[in-house]
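# Notes for the structure review
Next come the chains, spelled out residue by residue.
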Amino acid sequence: MVEQILKVDKLKVELGGERIIENLSFNVKKGDVWVILGPNGAGKTILLRTLVGVLPYKGKIEWKKNIKIGYVPQRLPMIKDIPINVMEFFELKKVNEKKIIESLESVGIGKEILNKKIGDLSSGQFQRILVAWALIDNPEVLLFDEPFAGIDISGTESIYDLLEKLQKNRNLTILLVSHDLNIVHKFAKNVLCVNKEMLCCGVPKKVLTPGTLNKLYGGNIKFYSHSHD
Amino acid sequence: MTNQLILSLIVAIFAGGAAAYLGSLMVAKKMALVGDALGHVALPGMGIAILLGLNVSLGAFVFLALGILLVWYFSLKTNLSTETLVGVMFVTSLAIGFLIVPEPELLEALFGDISNVSVNACVISSVLALVSFVIINQIYSKLIMINISEDLAKSERINVKGYNLLYLFLIAVIVALGIKVTGTLLVGALVIVPAAAAKNFSKSLKQYAYGSLVIGVLSGIIGIFLYNLTGFPAGPLIVLTSCVFFLISLIFKK
């Protein structure tokens, strides 16, 4: 039987008196790839931040005991203003150089980047650095907020390939937030549709019906699934 | 060189160095003007200390600590930024300060005076500056992480609220020390200018933090020598020296 690593039950999140998430329940098993799908403002990022443990909530969030979580937030706007190089960014986690180089290699970046200032990196490079940063403590689960935001199509493809490779090699469990439907069919084994409340949960082909999508995005969205095999 | 000059030099080096080092964090956190505004928060405390015949730096520190605690408390209770809250605190204090600081002492409170530092004051200032430097050094990377992203810091199980409070407390200590050197009006320069100069040429956090420290110390030394040479007040000379470093640093900026 596959090990369960996260159980969310009747989760409610309120911020500043506003209800952001209501009555959310789902279970994640080891090695699962989940895409949390929903329009802008649906509470996806809030959900991820709540799962990481930085926001107060009601209901139940039960991670496997002593689980290591890697978290890649959506944007880090402040970091570009700080004269910090890649090496020093990793050293904030108190890790040694050997581990840093290994982690960089696993996301396809050479060690020559270590002395570069973070502010001078391209968004694609920076995104990879963030993944490597999250992976360096060997987490079992990776929470990733909009990994493709602000990255061009070729960059998107390569980050998607990278995540798929990492997931296979490390048997990593991935929870990824996105508003992009295409990613679901390319990448997800499971999908969780949220717009304040849970609108669907399960295998994409089964649960992403036109009716659900209509409720989720509120318009006449058409969704074509296509197979790559 | 007279003994009095050596005492002034020591205070300028320690207070200036510690302020510049802390300033590198404040500039990175976009809180540069907080130090400046906080300088004024000290004014009523200095006034009360003068009226009661107590130590002026102590009076300044008590009011700074009080001001910082209020800012910290309000920042948790409201959605206003630290900068806005400090702004409110700053004008309130300045108004009260002008009312209660006696006129003859007002000039010294505003522009500082380290030409008559006692041995005791010199020792206390240097020890406080050194201790603050060591603490800042220990928590530097944690504060940078919090600055990059509070979420990321919390996910690394860093006590964000606790570190922020300690950081604000250190600002209070450093500003109180700096006021002795430059007065309340110019104390902001001790934290802002060296860090701004260092940021211009730094390619790494180490260069930035220690570059700022070195510029702070050098400005103190050169400023005191200029004071000895010209007889102008030391505070403004120290500040102007750091401004020259800033101008030079612009050459290295890409």
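Going by the structure above, here's the rest.
Analysis parameters
- Residues numbered from 1 in each chain as written.
- Chains lettered and ligands numbered in written order.
- Predicted model: local features only at pLDDT ≥ 70, side-chain atom pairs only at ≥ 80, totals over all residues.
- Heavy atoms only, no water.
- Contact = heavy atoms within 4.5 Å.
- Buried area = accessible area lost by both parts, 1.4 Å probe.
- Salt bridge = Lys/Arg side-chain N within 4 Å of Asp/Glu carboxyl O.
- Polar contact = N/O pair within 3.5 Å; in protein donor to acceptor, adjacent residues only side chain to side chain.
- Helix = DSSP H or I, 4+ residues; strand = E, 2+ residues; numbered from the N terminus.
- Nonpolar A, V, L, I, M, F, W, Y, C, P; charged D, E, K, R; others polar.
- 1 Å grid on protein atoms, 1.4 Å probe; cavity = no way out; pocket = protein on both sides within 12 Å on 5 of 7 lines; lining within 4 Å.
- Points joined across faces, edges and corners; volume = space filled by probe spheres on them.

Turning next to the interface of chain A and chain B. Across the contact, 23 residues belong to chain A and 22 residues belong to chain B. Across the interface of chain A and chain B, roughly 2,100 Å² is buried in total on both sides, 62% from carbon and sulfur atoms. Where chain A packs against chain B, one counts 2 salt bridges. The partner of B:E156 in a salt bridge is A:K93, with the nearest N and O atoms 3.3 Å apart. Here chain A is connected to chain B by 8 residue pairs in polar contact (both at pLDDT 80 or more). At the level of secondary structure, the elements contributing two or more residues to the side of chain A that touches chain B comprise α1 (44-52) and α2 (86-91) of chain A. Tallying contributions element by element places α2(A) first for the side of chain A that touches chain B, with 3 residues. Across the side of chain A that touches chain B, the residue classes tally to 13 nonpolar, 1 polar and 9 charged.

Under the counting rule described, the total for this entry stands at 2 cavities of 30 Å³ or more. A volume near 40 Å³ is recorded for the largest cavity. In terms of lining residues, the largest cavity is bounded by B:G16, B:L190, B:P194, B:G216, B:S219, B:I238, B:V239 and B:S242. Looking at the lining of the largest cavity, the elements that each hand over two or more residues are α9 (160-201), α10 (205-230) and α11 (234-252) of chain B. The element best represented in the lining of the largest cavity is α11(B), accounting for 3 residues. Taken together, the residues of the lining of the largest cavity sort by class into 4 nonpolar, 4 polar and no charged. Of the volumes computed, that of the second largest cavity is approximately 30 Å³. Together, A:I69, A:G70, A:Y71, A:K93, A:W133, A:A134, B:L152, B:S155 and B:E156 line the second largest cavity. At the level of secondary structure, the elements contributing two or more residues to the lining of the second largest cavity comprise β5 (69-72) and α4 (123-135) of chain A together with α8 (150-155) of chain B. Counting residues per element, the lining of the second largest cavity draws most heavily on β5(A), which supplies 3 residues. Counted by class, the lining of the second largest cavity contains 5 nonpolar, 2 polar and 2 charged residues.

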